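Report on the structure
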Amino acid sequence: MRALLRGVVLVVTVSLGLVLLPIAINVGTGGTAPAFLEPYVGWVWPAIGVLWVVAVLTALFELRDRRLPTVSSRAADQPRNRTNAIARIDRYYSERRTSSLAWRTRVALALDEHPGVVVRPYDLFVQPLDSAPRQVPNEADIAGVFDELQDSMLILGAPGAGKTTLLLDLAQNLAEQAQVDKDQPMPVVVDLAGWTAETSHSNGDDPNDSSLLAGFVRWLLYELDDRYGIPPAVGRTWLCDGHLTLLLDGLDEIAEPSRAKLAPVLEELRHNYRIPQLAVTCRTNDYERLPHQLKLFGAVHIRPLTKEQVLDYFATVGPALDGARAAIEQDDALWELVNSPLMLNVMVLAYRNRAPDDVIARGVADLRRELFDTYICEVLARDRQTARQYDAKTAVRRLWCLAWWTRKRAGDRTAVPRWMMPDGWYGLSLPGVDYLAHAVCLPALFAALTAGVTLVMVAQDGALAGLAAAGSALLLVHLLPHPWQKREGSGPDRVLLFLLILFGGTAITVVVIVAALGLVELLTAKPALVVEAALIAGAYGVELIVNHNNRRRLLLGVRVAVVVVASWITLSLGDPTAFACGVAVGLLVAQGIRMVKSLPTDHVPTTADKGWRMDPWVAGGAVAAFLVAVLLGADLASPQLEAVAGIVVGTVAAKAWRRRPPVLAGPLSRLLHDSLLRWSGYLPWHRRAFLQYAADRYVLARTGHAQYSFIHLLVRDHLAECSPDVLAAKVDLRIAERAARR
């Protein structure tokens, strides 16, 4: 689909460029352009430049993607499809392993078999006699254990025990077998965190599947396409023919209401499709709370690391970990924490190449929270060769915000999504951001809207029309509700932010108003008035139907009657075109004010605090517009009473008093909040650069093209629960200590 879209963009841009190029050359050599292009001759060469830049960038993206082997969706049985899919799978596993924290510290994991935690197929007919746990020999690898359990296994362990690492080891081993033997299925690792237990049927689903299984299969095929480039049509065929090994990671990361539904889904999946090999990972505690056990042939549990394993690893690495040895020997409580590969990795990275005397003098982390603080301070304080550098406060704030936002999403997830898509302000209410929204953005937006519409009306219809537009804006701002609240605080570069919103909002308002006036003149007066009347009548008709309050209906009827009478009198005495333009301006001003009122407080609880007065800002915008109009030579005396009447009628006709926000209020509110988070330093402007910066410091891990995740749920949770400014101060202190020793 993406390749098709790029092809369309490439063809369109090149075609337009080739069409415009002869015209530009002809005009440049003294010729003439076609009549419809004459007003835009000055823009021909810039347009050609933009088109060619778009074409070049599209071609580069296409060339980059073609370097990867592709899987054709036209025929699933093409021999090259399997080869290309295995190449993509192997590349993904290699990138996932090398970018993970566990890859830096490999410790042999001890396993126990726990047959009693799953429902084995033959247990349904024969009473199980070997349900007690037993140790797996230390020399056995995970692929051998998987083979002994008839290619159907559950991997259990504590947080950070190495479940995903074992699953990736198994995937790598199975991928090597699939490369050698074409009859072996291809292993695909899929993160279960994204599954939401959707129950629905759509076109292309197998009619024999239940609605729950149909939703699971659609989600699975989407994941295969997104991660491995396997088209849904090919993925469905391979799923039916038994060519895929499903390695499902993170049962505990599924949203809790949906976890219990996985067992019946997998049972139906294995009944309706050929699944030759299946493995699932889950935290032990979360699995024990499930109402239904999985039907698999066996289960293994990862044992905690022993003191001997940790000391053996320190001895293997050598003097570089003398600081870690000193920390763990000084406080016995650390032995209870460093019992998993994750915590061992955290300690190794936190104390690597640190002198024992320095560690003892600073004190050691005797709690998990403090150990993670030490880890974050150490990895952010070290120098790394990256394209961009960030100060401690900026880095920690952004990591905290990403962690908080990632954990807020459905499921217990570590993956950092590409876009912020939660509802409203999604519970993340920060004093600095709220202050900027209410004390800076609101005044600037009201002033910009008033200034833009006043400037256009003064230039178009004179001072009286400008006063009518400004007065309408002031009146509408006073109408209930008043959602802005008085908030104490400050924010970075308040003046610069105010000016950017003021000038940007004014420019957008001018463009919208001019476009509306141009559209009215293009349609001519009667069609324009018909369109405006239809919009007003439709809005009022819906209100009369859905509203069951008779008093409310009566007031709406009176309002409609006033609008109709005023319009009829004006049209019978004056210029209908000017009146239609005025009505359009009145409607736009009313909807603009409603939109601004809805922006900064979407899903923010209202308090009893009194809000600021917006009158000075509205009046200031109008005065500034009059001054600019005078400087530009506008004729202030040109009377257009029909336009003034139209503005009044449009303002009265618009339902600006409604408390229900406009349709676009939610998305625009999220955009505003997202922008303020970036302005305040809580989110990066250049997302990919910051994510790469965090990955270089082993806070995030690169999991695919432009895809990142936190190295572990524990790291993500620690960052989400920390105080970013306090942790940033610790990072600064560590940076200063390192600089002092140089």
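Now for a look at the structure at hand. Since this is a predicted model, take the numbers as computed values, not measurements. All residue numbers refer to position in the chain's written sequence, counted from 1. Per-residue local features are limited, in this predicted model, to residues with pLDDT of at least 70; the limit for side-chain atom pairs, both in listing and counting, is 80 or more; totals at the level of whole chains, interfaces and linings are taken over all residues. The basis for every side-chain value is the complete set of heavy atoms in the structure, and neither hydrogens nor water enter the calculation.

Our next topic: the overall build of the protein chain. Numbering goes from the N terminus for both helices and strands, where a helix is a DSSP run of H or I of at least four residues and a strand is a run of E of at least two. When its secondary structure is counted, the protein chain shows 29 helices and 10 strands. Only protein chains enter the area calculation, which uses a 1.4 Å probe; residues under 20% of their type maximum are buried, those over 50% are exposed, and those in between are partly exposed. Taking all 742 residues of the protein chain together, the buried fraction comes to 51%. Here, residues are in contact when the closest pair of their heavy atoms is within 4.5 Å. A fraction of 80% describes how many contacts in the protein chain between residues 6 or more apart in sequence connect residues 24 or more apart. Values of accessible area rely on a 1.4 Å probe in the Shrake-Rupley scheme; residue burial ignores everything except the protein chains shown. For the protein chain, the computed accessible surface area is about 36100 Å², with 61% contributed by carbon and sulfur atoms.

In this structure, Leu170 sits in helix H5 (residues 163-180). Along the backbone, Leu170 and Phe146 are 24 residues apart, and their C-alpha atoms lie at a distance of 8.1 Å. In this structure, Leu170 is in contact with Ile142, Ala143, Phe146, Met153, Leu247 and Ala279, ignoring residues within four places of it in sequence.

We now examine a nonpolar patch on the surface. A cluster of nonpolar side chains, namely Leu519, Leu522, Leu523, Val531 and Leu535, defines an oily patch on the protein surface of about 490 Å² accessible area. Elements represented by at least two residues in the nonpolar patch include exactly helix H20 (494-523) and helix H21 (525-546). Per-element tally for the nonpolar patch: the top contributor is H20, with 3 residues. Along the chain, the position of Leu535 falls in helix H21. Residue Leu535 is classed as exposed on the basis of its relative accessible area of 57%. Like-charged residues within 9 Å of one another, or nonpolar side chains (Val, Leu, Ile, Met, Phe, Trp, Tyr) within 5 Å, are grouped into patches, provided each residue has over 30% relative accessible area and no salt bridge. One side-chain nitrogen of Lys or Arg within 4 Å of one carboxyl oxygen of Asp or Glu is enough to make a salt bridge.

This part covers the nonpolar core. By nonpolar core we mean a set of buried residues, namely Ala, Val, Leu, Ile, Met, Phe, Trp, Tyr and Cys, connected to one another through side-chain atoms within 4.5 Å. Phe314, Met347, Tyr375, Phe446 and Leu719 are the most contacted members of the largest nonpolar core, which has 123 residues in total. Discounting chain neighbours no more than four positions away, the residues touching Leu719 are Ile376, Leu399, Trp400, Ala403, Val699, Phe710 and Leu727.

Moving on to unusual backbone geometry. A positive phi angle is found at Ala197, which is not glycine, with a value near 60 degrees. Relative to the helices and strands, Ala197 is located in the loop between strand E4 (186-191) and helix H6 (211-228). Phi is positive for Tyr698, which is not a glycine, with a value near 60 degrees. When you line up the elements, Tyr698 lands in the loop between helix H27 (687-696) and strand E9 (700-704). Its relative accessible area of 18% is what places Tyr698 among the buried residues.

On to the pattern of salt bridges, then. According to the stated counting rule, one finds 15 salt bridges in the structure shown. In this structure, the salt-bridge partner of Arg218 is Asp205, at a minimum N-O distance of 2.5 Å. Placement of Arg218 in helix H6 and of Asp205 in the loop between E4 and H6 is noted, with a sequence separation of 13 residues between them. Where Asp373 meets Lys730, a salt bridge forms, and the shortest distance between an N and an O atom there is 2.9 Å. Taken together, the residues span a long stretch of sequence, with Asp373 in helix H16 (residues 368-381) and Lys730 in helix H29 (residues 724-740) at a distance of 357 residues. Beyond isolated ion pairs, a larger network of salt bridges with shared partners links Glu198, Asp205, Arg218 and Arg236.

Let us now look at helix H18 (residues 431-461). A helix is expected to reach a length of 1.5 Å times the quantity of its residues less one. In this model H18 runs 44 Å from its N-terminal to its C-terminal C-alpha over 31 residues, within 8% of the 45 Å that 1.5 Å per residue would give. Take the seven residues that end at a residue and the seven that start at it, fit an axis to each, and the angle between those axes is the bend at that residue. Of all the bends in H18, the largest measures some 35 degrees and sits at Cys441, one to four residues before the proline Pro443. Taking burial as the measure, the 31 residues of H18 include 26 buried ones, the bulk of the element. Positive phi appears at Gly462, one or two residues downstream of H18, with a value of about 100 degrees.

With that settled, consider the environment of Leu262. Within the element layout of this structure, Leu262 appears in helix H9 (residues 262-272). When its relative accessible area of 0% is taken as the criterion, Leu262 is described as buried. Distance in space between the C-alpha atoms of Leu262 and Leu192 is 9.6 Å, their sequence separation being 70 residues. Contacts of Leu262, omitting those with residues within four sequence positions, involve Leu192, Trp195, Phe216, Leu251 and Ile254.

Further remarks concern the side chain of Glu532. With respect to the helices and strands, Glu532 occurs in helix H21. Lacking a salt bridge, the buried Glu532 has Lys526 as its closest oppositely charged neighbour, with an N-O distance of 14 Å. In this structure Glu532 touches Val520, Ala580, Val583 and Ala584, once residues within four positions along its chain are discounted. A residue counts as positive if it is Lys or Arg and as negative if it is Asp or Glu; His and the chain ends are not included.

The buried fraction of strand E7 (residues 298-302) is high, at 5 of 5 residues. Residues Gly298, Val300 and Ile302 of E7 are buried on one face, and the alternating residues Ala299 and His301, pointing to the opposite face, are buried as well. A strand pair is defined by DSSP finding two or more bridges across the two strands. Pairing analysis gives 3 bridges linking strand E1 (residues 111-113) to E7, with the strands arranged antiparallel. Directly across from Asp112, in E7, lies its bridge partner His301. In terms of strand pairing, strand E3 (residues 152-157) meets E7 through 4 bridges, oriented parallel. Note that in E7 the partner of Ile155 across the bridge is Val300.

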